[in-house]
Amino acid sequence: MFKVNQDYLKLPGSYLFSEIAKRVKEYSEANPEKKIIRLGIGDVTQPLCPAVIKALHSAVDEMAEADTFKGYAPDLGYEFLRSTIADKVYKPLGADIDKDEIFVSDGAKSDSGNIQEIFDRDVKIAVCDPVYPVYVDTNVMAGRTGTYDAATGLWSDVIYMPCTAENGYAPELPVNGRDGLGKDNRVPDIIYLCFPNNPTGATITKDALQDWVDYANRIGAVIIYDAAYEAYISEEDVPHSIYEMRGARTCAIEIRSFSKNAGFTGTRLGYTVIPKDIKDSDGNTLHALWARRHGTKFNGAPYIVQKAGEAVFSEEGQRETNEQIAYYMKNAAYILDGLKSAGYTVSGGVNAPYIWLRTPDRMSSWDFFDYLLKEANVVGTPGSGFGPSGEGHFRLTAFGSYENTVEAIDRIKKL
Ligand SMILES: *Cc1c(COP(=O)(O)O)cnc(C)c1O
């Protein structure tokens, strides 16, 4: 009799958003007259912009004609998109990235989850706590995280870098690992960083990111840098790409998405950058391995979607997507100001569409979730769902409509 992959069975129970959905459903069935406002899940609500729609239409028309029809896309993505990304994203930052180092994909979730496959099973990973769950769970599935402690919510072989109010939600170099857990060998091989951060909305300064790059080069680690929210950066000293840092070409992979900057959550497009200079201790290049992996397991993002992605970088596309981002950031500002005036301790929301708040009166994250659902009919995300250091925190997103955002915050202010 067959057995399933035993590593998958190690994943702990209910997924955060299923539990949220369950509680919201129970409440709304018991209280059908209440208007519930959802500021929980990180999905966009604005429709695709006109420049993208136009590109989609014309690409669909090309597919209808024998002489312009496209079959399989090139494994690594169409040349037109990869060179546009190199020119429009990296060149203006002074980042030395060649188009051949860009791998187009169907999104950042799959890339950030799949990238661990090209590393040895014994590599040690370091993650921020709280964390985007994909990084840890995919390493659990790969059997490299040790045992799970349900009491603490921690894996024995993962290095956690707590991001708390005390350190401004910015991780510190994992020299001694997590306090109280510190083993001697807490030297990571893979370091997952995500800035601007989901869930905390925190950012990292250029100097701090330079420290991470220097550290990774010193110890021979790879940084997997998730820049899905890059487009939301509004402040000067915040790096847009890890390749703005000296030495990043020998240690950093960057993952990007069209989901949050251009509303492609349902359209699906992303890319991963792997410089050819990153080599393991035996001189093997990650670039070659990822190309091999891509060629074997992935048949390319759709032509029509890659054309839509190219349109995001047109003048029109830039103007229109910037307007969408400004719309969400107006929501973020309303949430930040409203919660501050109501006495909450809040952060994020300046370079990211997420607002991270401390629960009042030391309420647990889930107690605050229930309280907000029942008393204000507002749904957010309990911080503890992103890791133990998220306990006592709560995430609200700026991705709703302005009207709903205003109504939700006005209700919270009246509590
Ligand atoms: C939303 C999100 C992604 C993205 O996703 P795709 O839609 O799969 O491109 C990646 N990383 C983080 C941290 C996110 O929040």
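Check the entry above for the structure.
Heads up: these notes are all about the structure in this document. (Residues numbered from 1 in each chain as written. Predicted model: local features only at pLDDT ≥ 70, side-chain atom pairs only at ≥ 80, totals over all residues. Heavy atoms only, no water.)

1. Some remarks on the site of the ligand
- Close contacts around the ligand come from 14 residues, with Asp 226, Tyr 229, Ser 257, Ser 259 and Lys 260 the closest.
- A distance of 2.7 Å separates a nitrogen atom of the ligand from a polar side-chain atom of Asp 226.
- Against a free-state accessible area of 390 Å², the protein chains account for coverage of 93% of the ligand.
- Breaking the shell around the ligand down by element, the ones donating at least two residues are α4 (108-114) and α7 (259-262).
- Per-class residue counts for the shell around the ligand are six nonpolar, four polar and four charged. (Near = heavy atom within 4 Å. Polar contact = N/O pair within 3.5 Å; in protein donor to acceptor, adjacent residues only side chain to side chain. Areas by Shrake-Rupley, 256 points an atom, 1.4 Å probe, with all protein chains shown as cover. Helix = DSSP H or I, 4+ residues; strand = E, 2+ residues; numbered from the N terminus. Nonpolar A, V, L, I, M, F, W, Y, C, P; charged D, E, K, R; others polar.)

2. A closer look at unusual backbone geometry
- Across the junction of Phe 195 and Pro 196, the peptide omega takes the value -10°, indicating a cis bond.
- Secondary-structure assignment places Pro 196 in the loop between β7 (190-194) and α6 (206-219).
- Note that the residue after Asn 198, namely Pro 199, is joined by a cis bond; omega there is 15°.
- As for its position among the elements, Pro 199 is in the loop between β7 and α6.

3. Digging into helix α8 (residues 286-297)
- For α8, spanning twelve residues, the distance from its first C-alpha to its last is 16 Å, which sits close to the expected 16 Å at 1.5 Å a residue.
- All of the buried residues in α8 are Leu 286, His 287, Trp 290, Arg 293 and His 294. The arc that holds every buried residue of α8, seen down its axis, measures 130°, which confines them to one face. Residues of α8 that are exposed and point more than 90 degrees away from the buried face comprise Arg 292 and Thr 296.
- Tucked into the core, α8 has its buried residues touching β2 (102-105), α4, β8 (222-226), β9 (252-257) and β10 (270-273). (Expected span 1.5 Å × (residues − 1). Buried < 20%, exposed > 50% of the residue type's maximum accessible area, 1.4 Å probe, protein only. Arc of directions from axis to C-beta. Contact = heavy atoms within 4.5 Å.)

4. Focus on the pattern of salt bridges
- Using the criterion set out here, one finds 22 salt bridges in the structure.
- Here Arg 23 ties to Asp 370 by a salt bridge, and the two come within 2.9 Å at their closest N and O atoms. Highlighted residues: Arg 23 in helix α1 (residues 16-30) and Asp 370 in helix α11 (residues 365-376), separated in sequence by 347 residues.
- If you follow the salt bridges from partner to partner, you end up with Glu 19, Lys 22, Arg 23 and Asp 370 in one network. (Salt bridge = Lys/Arg side-chain N within 4 Å of Asp/Glu carboxyl O.)

5. Examining the packing of helix α3 (residues 79-90) against helix α9 (residues 303-312)
- Orientation of α3 relative to α9, taken along the N-to-C sense of each, is 25°, at an axis distance of 9 Å. What the angle tells us is that α3 and α9 run roughly parallel. Regarding α3 and α9, the two cross each other, and that crossing is left-handed. Contact residues: Phe 80, Leu 81 and Thr 84 in α3; Tyr 303, Gln 306, Lys 307, Gly 309 and Glu 310 in α9. (Axes fitted to C-alpha atoms, helices over the stretch in contact; angles between N-to-C directions. Parallel < 35°, antiparallel > 145°, perpendicular 65-115°, else oblique. Left-handed = near helix turned anticlockwise from the far one by under 90°.)

6. With respect to the packing of aromatic side chains
- Going through the model one piece at a time under the given rule, you end up with 23 aromatic pairs.
- Arranged with centres 5.2 Å apart and planes meeting at 75°, the rings of Tyr 229 and Tyr 354 form a pair that is edge-to-face. Taken together, the residues Tyr 229 in the loop between β8 and β9 and Tyr 354 in strand β12 (residues 354-358) connect sequence positions 125 residues apart. Taken individually, Tyr 229 and Tyr 354 each receive the classification buried, so the pair is uniform in this respect.
- Relative to Phe 369, the ring of Trp 366 lies with its centre 5.2 Å away and its plane at 65°, an arrangement referred to as edge-to-face. (Phe/Tyr/Trp six-rings, centres within 6.5 Å; stacked < 30°, edge-to-face > 60°.)

7. Some points on the nonpolar core
- Residues Leu 193 and Leu 339 are the most contacted members of the largest nonpolar core, which totals 96 residues.
- The element best represented in this core is helix α10 (residues 315-341), accounting for seven residues.
- When sequence neighbours within four positions are dropped, the list of residues in contact with Leu 193 reads Cys 128, Met 161, Pro 171, Leu 209, Trp 212, Ile 223, Ile 224, Tyr 225 and Asp 226.
- Counting 28 residues, the second largest nonpolar core, distinct from the first, contains Leu 76, Tyr 135, Val 140 and Ile 278. (Core = buried A, V, L, I, M, F, W, Y, C linked by side-chain atoms within 4.5 Å.)

8. Section: helix α5 (residues 133-141)
- With respect to burial, α5 is a largely interior element, seven of its nine residues being buried.
- Restricting attention to buried positions, one finds in α5 the residues Pro 133, Val 134, Tyr 135, Val 136, Thr 138, Asn 139 and Val 140.
- Along its buried surface, α5 packs onto α4, β3 (125-129), β5 (154-155), β7 and β8.
- Gly 143 sits one or two positions beyond α5 and adopts a positive phi of about 75°.

9. Examining the sheet that holds β9
- Ordered in space as β2-β10-β9-β8-β7-β3-β6, the seven strands form an open sheet in which the pairing is mixed. Edge positions in the open sheet fall to β2 and β6 (159-162), since each of these has one partner strand only. Mean inter-strand twist for the sheet, computed between neighbouring axes without regard to direction, equals 20°.
- As paired elements, β2 and β10 share four bridges and run antiparallel to each other. Residue pairing for β10: Ser 105 is matched across the bridge by Gly 270.
- Relative to the sheet, α3 contacts β2, β9 and β10, its axis offset from that of β2 by approximately 115°.
- Along the sheet face, α8 touches β2, β8, β9 and β10 and points at about 25° away from the line of β2. (Pairing = 2+ DSSP bridges.)

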